[in-house]
Amino acid sequence: MSPDESAAESAPATVDGLTLEEKASLTSGAGTWRTTAVRDVVPAVRLGDGPHGIRRQTKGSGDALGLDDSVPATCFPPAVALGSSWDPGLARRVGAAIAREASALGVDVVLGPGINIKRSPLCGRNFEYFSEDPHLTGVMGAAVVTGIQSLGIGACVKHFAVNNQETDRMRVSADVDERTLREIYLAAFEHIVREAGPYAVMSSYNKINGVYASENHWLLTEVLRGEWGFDGLVVSDWGAVNDRVGALAAGLELEMPPTRTDQEIVDAVRAGRLDESTVTRAAGRLHTLTRRVAAAERFDDWDVGVHHELAREAARGSAVLLKNERAVLPLDPAAQRIAVVGESARSPRYQGHGSSQIVPTRLDSPWDALSAAGIATFAAGYRLDGAPDEPLKRQAAEAAAACDVAVVFLGLPDEAESEGFDRTSIDLPGVQVEVLRAVARACPRVVVVLSNGGVVSVADWEADADAILEAWLPGQAGGSAIADLLLGVCSPSGRLTETIPNRLADVPSHLHFPGADGHVVYGEGRYVGYRYHDTLGTDVAYPFGHGLTYTRFEYSDLAVRETGTNEWAVECAVANAGERAAAEVVQLYVAFDEEPPSRPRHELRGFAKVELEPGAATRVAFAVSARDIAWWSAARGGWRIDPGGFAVEVGASSRDIRLRAELTTAGDGHVDVLGRMSTLGEWLDHPVGGRVLRTRLPKLSAVTGMAERSPALFELARSIPLAKFGTFDIGLTPEVVDDLMAAAATGQGS
Ligand code: GLC
């Protein structure tokens, strides 16, 4: 049993016996990665990056940006890849494996998963995040949290909240309307807090509507704890606290790393600016965290080979086959002369830069794996430093000319994307595209394999490729996984979790990213990714949810039945109608076809990944809840369902809907409270207000009579708030309005 664990086991159940100074010391770290210990009451715990593997630094207190070396650990596929698997079971297993390694390396809380929404493809950290969609992000993030915590190791979901860019991330204010916040940028955090109970949440660097996340009482206390019931610990991002006392009062319990300002807490309590109960509560939450992780299973090591194979399985399940014309894939080395082109095949990029960077236990390269399968021709084609090299390009074209198929590995270089800065383009390096073109001129069949953390534009070059496999940053076993997919050892099963636009200018946030002058305005609102493209019908290169495989699936027999108020059970059959075993990701959307739209045309509300042998079929079931069809009303301060029609759609992508059923809802039954600024129309349509008006306002007929004579004038009258009728001669004096409100409030109207 570790010293920390034994201390926690025997520690008193509360922190009440601690001095104010001791309690204050708990709310700040003891170093870059450890919390503060206090006597035998609260032991220290160690926090460590994730999110896709353990970065345990080797010497001293280390530093927060991974400049020091770290102990080898399994580099699993980053979230951009793992998310593309659409496989929560796989994500849970990866989470559990990460926890195993955390335990062996003495890490009690893993700083991950990162779940920020991919608002723009330019965000430098998109490789660490799951999707443009909050439902997919929430389900996959919850799976990772559940996996990590299945061993008692803590997960710390991050970065809470609205941290969707790297530009000016420590100062910028993300200015977002509340409906967009609730429906898009907070929704995944809410799902994970409610469904997976993370031990910790990390507050982000940025401001939200002018208030730093780390000092945002509305965010950290009213919403996170008051509404969602979070019972864990809020830890700052590293260096994100600007005001110790303000952060503690807002609901942030742990500042990392320490700024040696505990005395500010003590002084504030002594001066009456901070209630000691706030400090006690924070210390108690540290204490709770230490007791939770003290119960973790402890391991001294892990099976490096087993975890490597899991990383390979995860990478295999994450790659997305965007295109496969003339069935050029899978390859057959026994029957085809195949050239492998691209330095990225020999020197793979498998993870991103910054605090998530891991020293892998092993590293597979695609070229090693493909050459082991008997493929003998390799040409570097280009240099990783992006410098033009005509001889390399010429050698690649010559090698390809002698082959039946050329597999060209392209991707973003290390310096193109990272924590700390954003991209300014979504293009591949021009040098690489030139090599592809030269190879395409020389070889009859061309396969492109992409390796990138943020999506890249394919518009300029995809005509030169018969097939495109998007492998993302696939982790340490990505090379073997890519070979498995290219050779047909298994069928590709990844699906896009982010739209690939034709052009950067088509991205809905493009005019509002990354902001300026300390502010980034989320002017596109809820219309992120497919929510924008599918509502306006804009053309995209490849849509959200898209992914091909080596067979085809047929959907049939959609059945929908109401199971409660605003609750439905949805089922359909899916069959593998092809010749090869493969997995399908069946996607469920709720759709609202309004014109003009008041909400995105459809939104993902469920998905299921099913593996099927050729000829096999299965049924897939979903539940649609009231929340799935609700929208956030800032006026009401809550979720709202309006009566009317909608549809459930089941399909293979957001643009490949196979089945659809029309449904109706009676709404949420909410009756708005009428006020003097409620319009005449709202009063007339109101179950009580209408009666009150008709019985208490004799001259009302002068207005309602317009409905026949002049519908336009009647519509105009309906749009006027009651309080504004004072100047019209229908008897709606301020006194009468007060009388009507009193009558409506008491339900009178008969
Ligand atoms: C960073 C990152 C965060 C990471 C932390 C510790 O700045 O934003 O994701 O967990 O520091 O390395």
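Residues numbered from 1 in each chain as written. Predicted model: local features only at pLDDT ≥ 70, side-chain atom pairs only at ≥ 80, totals over all residues. Heavy atoms only, no water.

A word on the sheet that holds strand β10 (residues 233-236)
In step 1: If you walk across this open sheet you meet the 5 strands as β1-β4-β5-β7-β10, and the pairing is parallel. Single-partner strands in this sheet number two, and they are β1 (47-49) and β10. Adjacent strand axes in the sheet meet at a mean angle of 30 degrees, parallel and antiparallel pairs treated alike.
In step 2: Here strand β4 (residues 109-111) runs beside strand β5 (residues 154-160); their pairing, made up of 2 bridges, is parallel. Within the sheet, the bridge partner assigned to Val109 lies in β5 and is Gly154.
In step 3: Against the sheet, helix α5 (residues 134-149) makes contact with β4 and β5, and its axis sits at roughly 150 degrees relative to β5, the strand it touches most.
In step 4: Against the sheet, helix α7 (residues 187-196) contacts β5 and β7 (200-203), and its axis sits at roughly 160 degrees relative to β5. (Pairing = 2+ DSSP bridges. Helix = DSSP H or I, 4+ residues; strand = E, 2+ residues; numbered from the N terminus. Axes fitted to C-alpha atoms, helices over the stretch in contact; angles between N-to-C directions. Contact = heavy atoms within 4.5 Å.)

As for the packing of aromatic side chains
Aromatic rings considered in pairs are described by the distance between their centres and by the relative angle of their planes.
In step 1: Considering all chains together, one arrives at 12 aromatic pairs under this definition.
In step 2: Centre to centre, the rings of Trp86 and Phe607 are 5.2 Å apart; their planes meet at 80 degrees, and the pair counts as edge-to-face. You can see Trp86 sitting in the loop between α3 (79-84) and α4 (88-104) and its partner Phe607 sitting in strand β21 (residues 602-612), a full 521 residues away along the chain.
In step 3: When its relative accessible area of 0% is taken as the criterion, Trp86 is described as buried. (Phe/Tyr/Trp six-rings, centres within 6.5 Å; stacked < 30°, edge-to-face > 60°. Buried < 20%, exposed > 50% of the residue type's maximum accessible area, 1.4 Å probe, protein only.)

Here's the deal with the site of the ligand
In step 1: Surveying the vicinity of the ligand reveals 15 residues, the closest of which are Asp49, Arg125, His159, Tyr205 and Asp237.
In step 2: Within the side chain of Arg55, a nitrogen or oxygen atom sits 3.4 Å from an oxygen atom of the ligand.
In step 3: When isolated, the ligand has an accessible area of 310 Å², and the protein chains bury 99% of it.
In step 4: Across the shell around the ligand, the residue classes break down as 6 nonpolar, 2 polar and 7 charged. (Near = heavy atom within 4 Å. Polar contact = N/O pair within 3.5 Å; in protein donor to acceptor, adjacent residues only side chain to side chain. Areas by Shrake-Rupley, 256 points an atom, 1.4 Å probe, with all protein chains shown as cover. Nonpolar A, V, L, I, M, F, W, Y, C, P; charged D, E, K, R; others polar.)

Topic: the domain arrangement of the protein chain
In step 1: Split into domains, the protein chain comes out as domain 1 (20-294), domain 2 (315-536), domain 3 (553-665) and domain 4 (680-746).
In step 2: Opposite the 63 residues of domain 1 that make contact, domain 2 presents 59 residues.
In step 3: Taken over both partners, the interface formed by domain 1 and domain 2 buries close to 4800 Å², and the fraction arising from carbon and sulfur atoms is 55%.
In step 4: The three residues of domain 1 that bury the most area against domain 2 are Arg119, Leu122 and Glu132, which together make up 18% of that side's buried surface.
In step 5: One can count 5 salt bridges joining domain 1 with domain 2.
In step 6: Among the ionic pairs, Glu183 bridges to Arg526, the shortest N-O distance being 3.6 Å. (Domains from an automatic or database assignment. Buried area = accessible area lost by both parts, 1.4 Å probe. Salt bridge = Lys/Arg side-chain N within 4 Å of Asp/Glu carboxyl O.)

Some thoughts on the pattern of salt bridges
In step 1: Inspection of the entire model under this criterion finds 61 salt bridges.
In step 2: Salt-bridge contacts for Glu22 lead to Arg39; the nearest nitrogen and oxygen are separated by 2.7 Å. Note that Glu22 is positioned in helix α2 (residues 20-26) and Arg39 in the loop between α2 and β1, a separation of 17 residues in sequence.
In step 3: For Glu22, a relative accessible area of 18% gives the class buried.

Structural notes on unusual backbone geometry
In step 1: That bond from Met256 to Pro257 is cis: its omega, -20 degrees, falls within 30 degrees of zero.
In step 2: Position of Pro257 among the secondary structure elements: in the loop between α9 (244-250) and α10 (262-270).
In step 3: With omega at -5 degrees, the peptide bond leading from Leu329 into Pro330 counts as cis.
In step 4: Following the sequence through the fold, Pro330 ends up in the loop between β11 (320-324) and β12 (338-341).
In step 5: A positive phi angle, near 55 degrees, is found at Asp168, a position not held by glycine.
In step 6: Looking at the element boundaries, Asp168 is found in the loop between β5 and β6 (173-175).
In step 7: Backbone geometry at Asp557 places phi at a positive 60 degrees, although glycine is not the residue there.
In step 8: Within the element layout of this structure, Asp557 appears in strand β18 (residues 553-564).

Quick notes on the side chain of Glu255
In step 1: In this structure, Glu255 sits in the loop between α9 and α10.
In step 2: Of the polar contacts made by the side chain of Glu255, one reaches the side chain of Ser28; its length is 2.7 Å.
In step 3: With residues near it in sequence (within four places) discarded, Glu255 still touches Thr27, Ser28, Gly29, Ser236, Val241, Arg244 and Thr261.

Re the packing of helix α12 (residues 304-316) against helix α17 (residues 478-486)
The relative placement of two packed helices is expressed as an angle between their axes plus a distance between the axes.
In step 1: Between α12 and α17, the shortest axis-to-axis distance is 8 Å and the interhelical angle comes to 50 degrees. On the basis of their axis angle, the class for α12 and α17 is oblique. Like other packed secondary-structure pairs, α12 and α17 cross with a definite hand, here right-handed. Along the contact surface, α12 presents Arg312, Ala315 and Arg316, while α17 presents Gly478, Ser480, Ala481, Asp484 and Leu485. (Parallel < 35°, antiparallel > 145°, perpendicular 65-115°, else oblique. Left-handed = near helix turned anticlockwise from the far one by under 90°.)

Looking at the sheet that holds β21
In step 1: Strand order across the open sheet formed by 4 strands is β21-β20-β25-β26, with antiparallel pairing between neighbours. This sheet does not close on itself; its edge strands, each paired only once, are β21 and β26 (656-665). When the angles between neighbouring strand axes are averaged without regard to direction, this sheet yields 20 degrees.
In step 2: Here strand β20 (residues 582-591) runs beside strand β25 (residues 644-653); their pairing, made up of 5 bridges, is antiparallel. From the neighbouring strand, Val590 faces β25, where its bridge partner is Val648.

Thoughts on α4
In step 1: In this model α4 runs 24 Å from its N-terminal to its C-terminal C-alpha over 17 residues, within 8% of the 24 Å that 1.5 Å per residue would give.
In step 2: At its buried positions, α4 is contacted by α3, β4, α5 and α12.
In step 3: At the N-terminal end of α4, a side-chain oxygen is found 3.1 Å from the backbone nitrogen of Gly89, two or three residues along, and the residue is Asp87.
In step 4: Note on α4: the residue one or two positions beyond its end, Gly106, has a positive phi of about 75 degrees. (Expected span 1.5 Å × (residues − 1).)

Looking at the environment of Leu224
In step 1: Tracing the chain through its elements places Leu224 in helix α8 (residues 217-227).
In step 2: Residue classification places Leu224 among the buried positions, given a relative accessible area of 0%.
In step 3: Taking the C-alpha atoms as reference points, Leu224 and Val245, 21 residues apart in sequence, are found 19 Å from one another.
In step 4: Other than its neighbours up to four places away in sequence, Leu224 contacts Phe160, Val193, Val201, Leu219, Gly229, Phe230 and Val234.

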